[in-house]
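Coordinate inspection notes
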Amino acid sequence: MTNLTLINMRDVVVQTTEWLWYPYIPFGKLTIMQGDGGDGKTTTALQIISAVTTGSLLPECANAVGPFDVIFQTAEDGLGDTIKPRLLQAQADVSRVHVVDESLEGLTLSDARIEQAILQTGARLIVLDPLQAYLGAKVDMHRANEVRPILKKVGDIAEKYGCAFVVIGHLNKSTNKSQYRGLGSVDIYSASRSVMTFGRVRDQQYTRAFAHTKANLAPEGPSIAYELHPETGFRWLGKCDITAAELLGSDFEGNWRKKETAFDRAVSLLQQELAQEHLPAETIYSKAEKLEISKRTLDSAKAQLAIKSRKIGNQWYWELPRNKEDCNNVTL
């Protein structure tokens with residue numbers, strides 16, 4: 001028999017959130033920076049690292065923090081030929097930037113070396129780029145039951161050491177809804193306390209921006225624009241009025257998409273949620289309601305995708321067809 005322990009809210013000590021960059025990056029919590037390739041997520045992360053390693057101000061920030069040490073892990077760029085030159089260009093104090101050596105063994109979010117590195121360096125900012133590379137080879141990022149325990153562990157470590165934990169994520173191409181464009185289970189988005197969504201500014205070739213698309217601990221901050229110029233490099237441009245929907249309006253080549261319809265969102269939702277497993281119909285309808293997708297529209301998208309309905313016990317489940325035979329034997 002499991003022993004029951006209750007916590008009385010009368011005994012809980014009220015805590016004030018501390019900020020690396022208010023209101024975008026809280027200490028002790030998980031933050032996501034998500035966007036398409038080429039939109040400057042990593043470059044912006046390196047600018048943030050520069051600011052905290054030198055104690056410099058970030059845009060729209062009243063007070064500078066630091067200087068303090070940082071742990072930066074990347075699975076996409078070389079340290080010597082890409083990351084260090086970009087840190088130097090950003091005028092970071094590179095002596096305060098540490099990397100866990102992955103030459104013999106790759107790092108994952110479940111790796112004990114992350115906590116060991118925090119203890120050894122005293123780092124207060126940990127950046128992993130991209131998230132998909134650090135979940136672990138055996139973890140299916142589309143399955144909530146596999147992702148949740150890992151993200152909970154990350155959250156526990158961040159809270160234990162008062163670290164800002166930032167993960168950089170790529171987006172899929174299926175929808176303009178920011179929480180459903182992040183690759184993998186929507187639980188990744190849900191587990192974060194702050195999300196910054198990056199994109200291109202229309203009709204401005206070198207201008208990018210991020211919009212604050214999730215803020216659990218403070219009011220959403222203004223969108224921030226920056227320039228990525230081939231000759232002059234990175235430059236903060238300050239706050240702007242652009243929205244996440246506008247930032248997500250272009251594809252990887254900078255071509256602007258047609259306006260997304262409710263049917264498009266319904267198709268995207270079904271494709272993503274049912275990609276790896278069948279789910280209860282009630283769960284899908286609930287997720288659709290949150291995205292302002294009507295039952296009729298969801299049912300139309302279900303028919304378009306030839307999704308099967310299968311009754312297990314007293315509950316109906318939906319699943320994508322796995323082969324041509326499935327498509328010809330659909331229960332709607």
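In this report, the structure presented in the accompanying data block is examined. (Residues numbered from 1 in each chain as written. Predicted model: local features only at pLDDT ≥ 70, side-chain atom pairs only at ≥ 80, totals over all residues. Heavy atoms only, no water.)

1. Points about the sheet that holds strand β9 (residues 207-215)
Across the sheet, nine strands lie side by side as β5-β4-β6-β7-β3-β8-β9-β10-β11; this open sheet has mixed pairing. This sheet does not close on itself; its edge strands, each paired only once, are β5 (97-98) and β11 (233-240). Two elements, strand β3 (residues 30-35) and strand β7 (residues 164-170), share six bridges in a ladder whose sense is parallel. Within β7, the residue paired with L30 across the bridge is F165. (Pairing = 2+ DSSP bridges. Helix = DSSP H or I, 4+ residues; strand = E, 2+ residues; numbered from the N terminus.)

2. Here we look at the sheet that holds strand β14 (residues 315-319)
The three strands lie next to each other as β12-β14-β13, forming an open sheet whose pairing is antiparallel. In the strand order of this sheet, the two ends are held by β12 (279-280) and β13 (308-312), each with one partner. Bridge count between β12 and β14: two bridges; the pairing is antiparallel. Residue pairing in the sheet places P280 in a bridge with Y317 of β14.

3. What to know about the nonpolar core
Counting residues in hydrophobic clusters, the biggest one holds 34 residues, and the most contacted among them are L20, W21, I25, I49 and L125. Looking at this core, the elements with two or more residues in it are β1 (19-21), α1 (41-54), β4 (70-74), α2 (79-89), β6 (125-129), β7, β8 (194-200) and β10 (223-229). The element contributing the most residues to this core is α1, with six residues. L20 has contacts with I25, F27, I48, V52, L58, V65, F68, L125 and A164, leaving out every residue within four places of it along the chain. Counting 28 residues, the second-largest nonpolar core is a separate cluster that includes V100, I114, L128 and V147. (Core = buried A, V, L, I, M, F, W, Y, C linked by side-chain atoms within 4.5 Å. Buried < 20%, exposed > 50% of the residue type's maximum accessible area, 1.4 Å probe, protein only. Contact = heavy atoms within 4.5 Å.)

4. Quick word on the packing of helix α8 (residues 262-273) against helix α9 (residues 281-290)
One way to put it is that α8 packs onto α9 with a least axis distance of 11 Å and a crossing angle of 135 degrees. As summarised for this structure, α8 and α9 are arranged oblique, according to the angle between their axes. Crossing geometry of α8 relative to α9 is assigned as right-handed. Residues L269, L270 and E273 of α8 form the contact with α9, whose participating residues are I284, K287 and A288. Split into classes, the residues belonging to the contact of α8 with α9 amount to four nonpolar, no polar and two charged. (Axes fitted to C-alpha atoms, helices over the stretch in contact; angles between N-to-C directions. Parallel < 35°, antiparallel > 145°, perpendicular 65-115°, else oblique. Left-handed = near helix turned anticlockwise from the far one by under 90°. Nonpolar A, V, L, I, M, F, W, Y, C, P; charged D, E, K, R; others polar.)

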